[in-house]
Structures are given as structure tokens and as C-alpha cells.
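Each chain, written out:
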Amino acid sequence: LLITLTTDFGPSSPYVAAMKGVILSLNPRAQIVEITHAVPPQDVRHGAIVLEEITPWFPPETIHVAVVDPGVGSSRKIIYARIGPSHFLAPDNGLLSRLARPAHPSTIIHITKADYWLPQVSATFHGRDILAPVAAHLSLGVPPEMLGEPLSELVTLDWVEVIVARGKIEGVIESIDSFGNLISNITADQLADAPRGEETVIECDEHQTQGIFATYSDQPEMTLVALVGSSGKLELAIVGDSAKIMLGVKVGTPISVRWPAG
Amino acid sequence: LLITLTTDFGPSSPYVAAMKGVILSLNPRAQIVEITHAVPPQDVRHGAIVLEEITPWFPPETIHVAVVDPGVGSSRKIIYARIGPSHFLAPDNGLLSRLARPAHPSTIIHITKADYWLPQVSATFHGRDILAPVAAHLSLGVPPEMLGEPLSELVTLDWVEVIVARGKIEGVIESIDSFGNLISNITADQLADAPRGEETVIECDEHQTQGIFATYSDQPEMTLVALVGSSGKLELAIVGDSAKIMLGVKVGTPISVRWPAG
Amino acid sequence: LLITLTTDFGPSSPYVAAMKGVILSLNPRAQIVEITHAVPPQDVRHGAIVLEEITPWFPPETIHVAVVDPGVGSSRKIIYARIGPSHFLAPDNGLLSRLARPAHPSTIIHITKADYWLPQVSATFHGRDILAPVAAHLSLGVPPEMLGEPLSELVTLDWVEVIVARGKIEGVIESIDSFGNLISNITADQLADAPRGEETVIECDEHQTQGIFATYSDQPEMTLVALVGSSGKLELAIVGDSAKIMLGVKVGTPISVRWPAG
């Protein structure tokens, strides 16, 4: 069975390898795939967006393990959640709250049964000592119900909602990818009524562009372009360069789309 | 069957994981190996050199997927090529042009058959939506000929050729590795006539060194050394430090080797 | 069988992929796991600490390959060592000297038998040309004794020993993790007599904190905290930030723990 890892440990961190070693010691046949370890340190919101965007591309029944855990060792819970066709293991700090917005988990378990943990649990690395062995046991067929007590709700975080009005949509930049593209929370569905032509004006900070394009390559180098990106969200890109660096825009900056609504 | 990935998405990019998820959803038994995701963004030439240097170390019949794709969404083709004993999937933008120099592909296919793609293809991420599922289908035994129409030629790029004369060889720095070593396009074969001793002078920018050594460790710390590196090319290294940082030399800088030819 | 890789090649280096290609060409069923490629270039001491900390989490009989090799091409040996239940392949430059402190290797072999190497061995990349193929052959069942001649000792490095006295323990910062936490060489065992409360004073450079805590989350943001970390060693952390950046402390800086001993 497939197990994925999403953490804020940094690319090529040996801590990730310790988790893999623990998993493979319990289940040598586990197939482990890394989603990313480049979540900014302790940035639970960023981790939540990555999980929402990437985990749906994996096969059903995949076990997704996420460790972005500023509260490790505090009273925050560690949980199992079944969301859609997949299994999730994470600290209960909002990390699963994006995935759980459209589809409430069908099962949530507060992980308390130490039988499935390492014999010694450190105070600071529950990823290795609790989450990794629990994932291995799940992959070996242990039913989630054996892991602890049922819960009815996950911890959630406040997420800025997109405002859709007549001739106007308002959202925020929610993430920035490694190319420097600025990715908003405005979805293709929400943009359905916006014309694609020059009459539509996209504004973000003091920057402005007209029209929503299909691809980067429609425009000359160094042009600011708005398009619906691969995650199905409105994004801003500088053709052939980094919009992040060129525009200095940060996560959380408002972005608006306006057009003359007759 | 083995599938490799080479991209410019950045180390630990979640976009890579989306490609892996798509492949494993179609073929759960696929074995995926990452070559690198640290090709500089949109640097097709760098990607071409990496593919030329690394893919020959993999077993025959490996399926190599490469995504460095500044023209995504434009009219550039996506292609399959059989080069030597291996399979390649890439945008047709020159990314395979180094591999195809010594050995013209025995088969080239313009990938047009959408049956082997994801049902929905975004305008900006063909790596996930076209290349990943096509690789998975190939690994499941779909014959390359089913993927689209035959082509006779790949897109090529201009590459600076090494000039070999009597007592003199001229080339360029083509890549820089993570140790800061400056790697030229001059091969061991081309250097066959150059003496290894002090009479041979290597020049690059305003920097100069004498002799071609066997290993870094022959010289004291902080010395500039010329040697034939692990890729079989002439390279410049600073013993125990980074030649890139110490010398400020960039890709494309000319390098020459001269010796008294009697 | 499981093969791990630990190198200083840098995250996402294509050199790592060349090693994987060589291994998979010889043993297509080998399962390869990366420990880290972010050992600072040529920092043998850092590599030794990573191996000591991470390899014990892997299953018995795992083949651990380590390449931090400033002396590549010199007369330094390449060795096989059986340490505890695991196999190690590395240059004999001290890289295994931390693992070998508590448990002297039961077998050490100087790798000299070229039958198990690539046919052509470069002067500068023994990781690919010697260590990778030897690891593949081991995973296929070649007995270690076939690889070369027995040795009685490994090369060792000087490591600063912790001084434990009445009411006082003195050590050094030995590594810094990706969160910027400063990890010392003082173990939980050595700290057994130190009280956890405010009477215990931890000093490092001009910085000072009182008490040894169980977790980061016991203290307010931006506080300097001392705790026993996930590696079982005393570490200094800034809650919610990087102690490395905030304090400017480097590897090798002394750290002391003092308390009133009645």
C-alpha cells in the first residue's frame, strides 16, 4: 500500500529518512512517496493547501501522513481521518481543514492507542515516533478504529472566502509556487461569468493586467499575465520570470477581478 | 518498469508529487526514480545536458520523462522518442537534442492520442496531464506507435562545438555542479593528444592553470586544478572550495587548452 | 533488500541519480531510500553524525552507502563494515567513526576486488563507479568477504568528549537542524542527575537559559528553550523561530549545564 509524506522538515532532511526507516522496519513492503518537505517551517496553512491540491492525484486508499506540527508535545491531538477515498494522519491543528471543507471526514479517530507507536516516544518528534509507525500498521491492515477514540470534528482554521458579486470577484493570493507564480483562491468555477477579453481587469496590490489567458506562452516575455493555472485557480505570472520577485507580492495580498456587467 | 523524472520544478516541489500520483493511479507497480528537479527554471539547455549525462546509467527500456517546458500551452509538440535502448517523453523544444546527437532516435512520435491522457488537460501543466499518464501507459505495455503520429526529426538547439587544432583545443563551460566545479564540453577523447604535464596551459576567463591532473586530491587546498571529471569532460575545480564562487565564471565562458606542439 | 544513500551532493543532485541508475541496472529489485544529500560539501564530521543518528531507524541487514569523500582519488581506502545488524559502505575517512564508537565493527573489508565495480572507474566519482555497484552486488547476495581484504581498524576522527562533573556538564554544539535548532553532544543519560527546574542554567556562547523542558510548546514564542530533542541529546531552540539565525551560534561552540550540587 502507498504511504505519502508531507512535512516542513526541509528538502533532503534526515528526519524524513528516520520516518521512512521506521515505516520500512514495520512493513518492508510499504511504498513511500514524498509529496514535499518544503512546507515553510511550522506553516500549517501552507501545508493544508498543499495537501488539498496534491493528495487527490493519488490512488484511493493511499495513506497520507502530514507533519507540520508547531505544537508538538503540547495537548494538540494526533488524528486519523478518512476523507473521501483516502486515509490521513496528522496533528489536529488545521492541517486537514482544507481537505475537509468540501467533504467532511467520514471517520475521525483521536490516536491514543500506544500499542501502535514506537516503544519510546520523544516529546519533540511525533512524526517518527507516532505517525510513522501508525501509518505502517494501517498499511499492514490494522483498522483505523483500533487506533483510538472516535471524534466528531477536526480543528479548523479561518480561510478567507472568495466574494463573488455582479461584475466583481475578490479573493487573496494563497500560495506562491517555485516558479514565483502567485496563486489565488479564486477557482475556475467562480470565474465562469468573467469574460476572458480585455474588458476584464485583474488587480493585485498596485499591479494590474487585462484579460484572462489560457497559457503563459500567449504573451511576450516579461508581461504580467492572469490565467487559470494547473490547480484550477486564478494565478498571476510574469512570462519567463518570477512574479513573486518582480512584483514583491506576498501570500495574503488581496486580488480582484472586475468587468463591466451590463 | 522503471520511470524517471527530470524537471525544473525545484527540489521537493509538490508538482512532482502530482505527477507521481497520476502515474501510480494508473500503474500502482510503476517504479519511479527522480533524476533531478533542480534544472534552473525553463533552462532547456541545462536539462538537455543532465539527460545526456545521467540517463545512460539507467537500465535499458527505462522510460525517461523530462519536463522543462517554457512553451507549455503553445504549439510546441509533446513527443516520444526511442534513443538507443531507452524511451523518452518530453516537450519537443530541444530537451532531447543532446541525447540525439550521437544516436538519432530510431522512432519519434508526435503525441496526439488523447485516450492516454488525463480526461481533463490543463493549459499549463502537461507534465501531470499528458506526460505522466502516457508514461504510465507505456509502462503498462502500450506500444509507442499508439500514442500519435510518426515524426522524422526532433527540434534541435545550437550547441557550441569544440574546436580541436594542433596544440590547441577550444570549448566552453557548459554546466556547473553542486560543488561549484566548472564542467566544459571538452571530452577525454578530444584531450587525448594533450600532455598531462606543466607544459599544458588551461585558460578560462582571466584564470589560468597548468597541467591536467587525475584527481582533486593531487593538489593543495585552494589550488585551481584542471582534470577530467566523472562525466568524462575537462573541468576546473578549486581543491576544497567552489570554483564557481571563487572565480565568478558562468556557463558559456570559453575555455582553452594549449600546449607546445612540436 | 534495502539500500540507503547519504551524500554531500546537494538536494536533487543528478549525481545521486547516476548512482541509483547503476544500482538498478545491476539489481532491478533493489529498494533505494535516500537518507540525505544535504551533508555540507566534504563535511565528513557532519556526515558521521547523520549516519549515527539516522541509520539505527532502518531494518537490520540494510545496506547503507555513504559518500562524503574529499579524498576521492587519493590513497584513502574504500571499505565495507558490518556494524551491529547493518552493512556500511564508505570511504575510510572517519565517516563511520561515530557509528563505530559504541560498537566496534564485527567485520571490516578493504574493498579492492574490481570484479564488483563498474568496468571503467573514474578518478573522481567512486560513489557511482565503486560504491553503487558494490552495494548492488551485496544486495544480490555476494558475501562481504569477497569484496577485498580484511582490515582490523577504521580511520577514526577526534570527537570532543562530554565532561560530566558534580553539578556541571560540558559539551559542544555538534549539529544544527533545518529548523535552526542547536543540537549538542550531551545525551539524556549524561543529563540524568541535572534537575529540570530553574536552578539548572544552560549556557552557550553569551546566551543563557534556565531549566530543561520537555517540549518547545511549553514556552512563549521567541523564548530560548533547552530541551532533550528527538535524537536524545540536549538542544537549544527558539520557540517558533531559528536559534541558529537568532543567536548566531555555530557548530563547535561549547555548551554547559550547571546546577547547585548540594
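Here's a quick rundown of the structure. Residue numbering note: each chain is counted from 1, following its sequence as written. Chain A is the first chain written and ligand 1 is the first ligand written, with later ones labelled in order. Reporting in this predicted model follows two pLDDT cut-offs: at least 70 for local features of residues, and 80 or more for side-chain atom pairs to be given and counted; totals over whole chains, interfaces and linings ignore these cut-offs and use all residues. The side-chain figures draw on all heavy atoms in the structure; neither hydrogens nor water molecules are used.

## Considering the overall build of chain A
Stated formally: In DSSP terms, a helix is any run of H or I states spanning at least four residues, a strand is any run of E spanning at least two, and both are numbered starting from the N terminus. In this description, contact between two residues means that some pair of their heavy atoms is separated by no more than 4.5 Å. Using the Shrake-Rupley algorithm and a 1.4 Å probe, accessible areas are obtained, with residue cover drawn only from the displayed protein chains. Under the counting rule used here, the positive set is Lys and Arg, the negative set is Asp and Glu, and His together with the chain ends is not counted. To locate a charge, the coordinates of NZ of Lys, CZ of Arg, CG of Asp or CD of Glu are taken.
The helix and strand tally for chain A stands at 4 helices and 15 strands. C-alpha extents for chain A along the principal axes are approximately 65 × 35 × 30 Å. In chain A, 64% of the contacts between residues at least 6 apart in sequence involve partners at least 24 apart. Here chain A has roughly 10400 Å² of accessible surface; of this, 54% comes from carbon and sulfur atoms. Averaging the locations of the 17 positively and 29 negatively charged side chains of chain A gives two centres separated by 5 Å.

## Things to note about the layout of surface pockets
Rule in force here: A 1.4 Å probe that fits into a set of points on a 1 Å grid over the protein atoms alone but cannot get out defines a cavity; an open set with protein on both sides within 12 Å along at least five of seven lines defines a pocket, and lining residues are those with an atom within 4 Å of a point. Grid points are joined across faces, edges and corners, and a volume is the space filled by probe spheres set on the points.
Each pocket or cavity is described by its volume, and for the largest pocket that value is around 1400 Å³. Contributing to the lining of the largest pocket are 39 residues, with Q31(A), Q31(B), A30(C), Q31(C) and I32(C) lying nearest its centre. Where the lining of the largest pocket is concerned, the elements lending two or more residues are α1 (14-26) and β2 (31-36) of chain A, α1 (14-26) and β2 (31-36) of chain B together with α1 (14-26) and β2 (31-36) of chain C.

## So, the relation of the copies chain B and chain C
Stated precisely, the cut-off is as follows: Superposing the copies works by least squares over the C-alpha atoms of residues that have pLDDT at least 70 in both of them.
Placing chain B over chain C gives an RMSD of 0.0 Å and needs a rotation angle of 120°, together with 0.0 Å of translation along the axis. The superposition operator between the copies reduces to a three-fold rotation axis. When C-alpha positions in chain B are compared against the rotation axis, the closest is assigned to P11(B), at 3.8 Å.

## Examining the packing of helix α2 (residues 44-54) of chain B against α1(C)
Put simply, the rule is: A fitted line through C-alpha atoms serves as each axis, taken over the contacting stretch for helices, and the angle formed by two N-to-C directions is quoted from 0 to 180°. Between 65 and 115 degrees an angle is taken as roughly perpendicular, under 35 as roughly parallel, over 145 as roughly antiparallel, and anywhere else as oblique. Here is the rule for handedness: rotate from the far helix to the near one, and if that takes an anticlockwise turn smaller than a right angle the crossing is left-handed, while a clockwise turn gives right-handed. Residue polarity follows a fixed list, in which Ala, Val, Leu, Ile, Met, Phe, Trp, Tyr, Cys and Pro are nonpolar, Asp, Glu, Lys and Arg are charged, and the others, Gly among them, are polar.
Two elements in contact, α2(B) and α1(C), have axes whose closest approach is 10 Å; the angle formed by their N-to-C orientations is 25°. Between α2(B) and α1(C), the angle is such that the two are roughly parallel. Crossing of α2(B) against α1(C): the hand is right-handed. Residue-level inspection shows V50(B), E53(B) and I54(B) of α2(B) in contact with α1(C), the latter providing P14(C), Y15(C), A17(C) and A18(C). By residue class, the composition of the contact of α2(B) with α1(C) is 6 nonpolar, no polar and 1 charged.

## Let's talk about the pairing of strand β10 (residues 182-187) of chain B
Residue and element names in this part refer to chain B. Threshold: Only protein chains enter the calculation, and the probe is 1.4 Å; a residue is then buried if its accessible area is under 20% of its type maximum, exposed if over 50%, and partly exposed in between. Two strands pair under a simple rule: DSSP has to find at least two bridges between them.
Extensive coverage of β10 is indicated by the burial of 5 of its 6 residues. In terms of strand pairing, strand β9 (residues 168-176) meets β10 through 3 bridges, oriented antiparallel. Across the sheet, the residue bridging to I173 is S184, located in β10. Linkage of β9 to β10, two consecutive antiparallel strands, is achieved through a turn of 5 residues, within which G180 is found at a positive phi near 85°. Pairing geometry for β10 and strand β14 (residues 233-238), over 3 bridges, is antiparallel. The residue bridging I183 from the neighbouring strand is E235, located in β14.

## A short note on the pattern of salt bridges
The cut-off we apply is this: For this document, the term salt bridge refers to a Lys or Arg side-chain nitrogen within 4 Å of an Asp or Glu carboxyl oxygen.
Summed over the entire model, instances satisfying the criterion amount to 27 salt bridges over all chains. A cluster of three or more residues bridged by salt bridges with shared partners is formed by E52(A), R98(A) and E174(A).

## Some words on unusual backbone geometry
Residue and element names in this part refer to chain A. Not every positive phi belongs to a glycine, and Q42 is a case in point at roughly 65°. On the accessibility criterion, Q42 (32% relative accessible area) is partly exposed. Phi is positive for D205, which is not a glycine, with a value near 55°.

## Notes on the interface of chain A and chain C
Defined as follows: Buried area: the sum, over both parts, of the accessible surface (1.4 Å probe) that disappears when the two are put together. Under this definition, polar contacts are N or O atom pairs within 3.5 Å; protein pairs additionally need one hydrogen-donor-capable and one acceptor-capable atom, and for neighbouring residues in sequence, both atoms have to be side-chain atoms.
Taken together, the contacts link 31 residues of chain A with 28 residues of chain C. Contact between chain A and chain C buries roughly 2100 Å² in total, counting both sides, with carbon and sulfur atoms accounting for 62%. Scanning the region where chain A abuts chain C turns up 0 salt bridges. Inspection of the region where chain A meets chain C yields 5 residue pairs in polar contact (both at pLDDT 80 or more). Within the residue set of the side of chain A that touches chain C, elements represented by two or more residues are α1 and α3 (126-139) of chain A.

## Section: empty space enclosed by the protein
This model, assessed by the stated rule, comprises 2 cavities of 30 Å³ or more. The space that makes up the largest cavity amounts to roughly 440 Å³. S12(A), E34(A), S12(B), E34(B) and E34(C) are the residues nearest the centre of the largest cavity, which is lined by 29 residues in total. Listed by contribution, the elements that provide at least two residues to the lining of the largest cavity are α1 and β2 of chain A, α1 and β2 of chain B together with α1 and β2 of chain C. Here the lining of the largest cavity is built from residues that sort into 11 nonpolar, 12 polar and 6 charged. Taken as a whole, the second largest cavity holds about 30 Å³ of empty space.

## Brief notes about the sheet that holds strand β5 (residues 86-91) of chain A
Residue and element names in this part refer to chain A. Reading across from one edge, β2-β1-β3-β5-β4-β6-β7 is the order of the 7 strands in this open sheet, with mixed pairing throughout. In the strand order of this sheet, the two ends are held by β2 and β7 (148-150), each with one partner. Averaged over all pairs of adjacent strands, the angle between strand axes in this sheet comes to 25°, irrespective of strand direction. Here strand β6 (residues 107-111) pairs with β7 via 3 bridges, running antiparallel.

## Let's talk about the interface of chain B and chain C
Taken together, the 28 residues of chain B in the interface contact 29 residues of chain C. On the chain B side of the interface with chain C, the three residues burying the most area are W57(B), F179(B) and S230(B), jointly 31% of the side's total. For the pair chain B and chain C, the number of links is 5 residue pairs in polar contact (both at pLDDT 80 or more). Contributions of two or more residues to the side of chain B that touches chain C are made by β2, α2 and β13 (224-228) of chain B. It is β2(B) that provides the largest number of residues to the side of chain B that touches chain C, a total of 5 residues.

## Things to note about the relation of the copies chain A and chain C
When chain A is fitted to chain C, the residual RMSD is 0.0 Å, and the transformation amounts to a turn of 120° plus an axial shift of 0.0 Å. Mapped onto chain C, only 3% of the interface residues of chain A again fall at the interface, so the copies present different surfaces.

## Remarks on the packing of α1(C) against helix α3 (residues 126-139) of chain C
Residue and element names in this part refer to chain C. As a packed pair, α1 and α3 sit with axes 8 Å apart at the nearest point and diverge in direction by 35°. The handedness of the crossing between α1 and α3 comes out as right-handed. Residues A18, M19, V22, I23 and L26 of α1 pack against G127, R128, A132, P133, A136 and H137 of α3. Grouping the amino acids of the contact of α1 with α3 by side-chain chemistry returns 8 nonpolar, 2 polar and 1 charged.

## Here we look at the side chain of N181(C)
Residue and element names in this part refer to chain C. Note that N181 resides in the loop between β9 (168-176) and β10 (182-187). Among the residues examined, N181 registers a relative accessible area of 5% and is labelled buried. Leaving out residues up to four positions away in the same chain, N181 has contacts with S175, I176, Y216, E235, L236 and A237.

## Regarding the pairing of strand β14 (residues 233-238) of chain C
Residue and element names in this part refer to chain C. Among the 6 residues in β14, 6 count as buried, and that is most of the element. By the alternation rule, side chains of β14 split into K233, E235 and A237 and L234, L236 and I238, which are all buried. Where strand β13 (residues 224-228) folds back on β14, the antiparallel hairpin that results is connected by 4 residues, among which G232 adopts a positive phi of roughly 80°.

## Digging into α1(C)
Residues and elements named next belong to chain C. To keep it simple, the criterion reads: To estimate the expected span of a helix, subtract one from its residue number and multiply by 1.5 Å.
Between its first and last C-alpha atoms α1 spans 19 Å; for 13 residues at 1.5 Å apiece the expected length is 18 Å, and the two agree. Among the 13 residues that make up α1, 10 are buried, leaving the element largely enclosed by the rest of the structure. Buried residues of α1: Y15, V16, A17, A18, M19, K20, G21, V22, I23 and L24, and no others. Of the residues flanking the start of α1, the one acting as N-cap is S13, its side-chain oxygen 3.0 Å from the backbone nitrogen of Y15.

## Section: the packing of aromatic side chains
Quick reminder of the rule: Pairing of aromatic rings covers Phe, Tyr and Trp, the last counted by its six-membered ring, and requires centre-to-centre distances within 6.5 Å; plane angles under 30 degrees mean stacked, over 60 mean edge-to-face, and any other angle means tilted.
Scanning the entire structure with this criterion turns up 12 aromatic pairs over all chains. Plain terms: the ring middles of F9(A) and F179(C) are 6.2 Å apart, the flat faces sit at 70° to each other, and that makes the pair edge-to-face. Note that F9(A) is positioned in the loop between β1 (2-7) and α1 and F179(C) in the loop between β9 and β10, a pairing that runs across two chains. In this pair, the class of F9(A) matches that of F179(C), namely buried.

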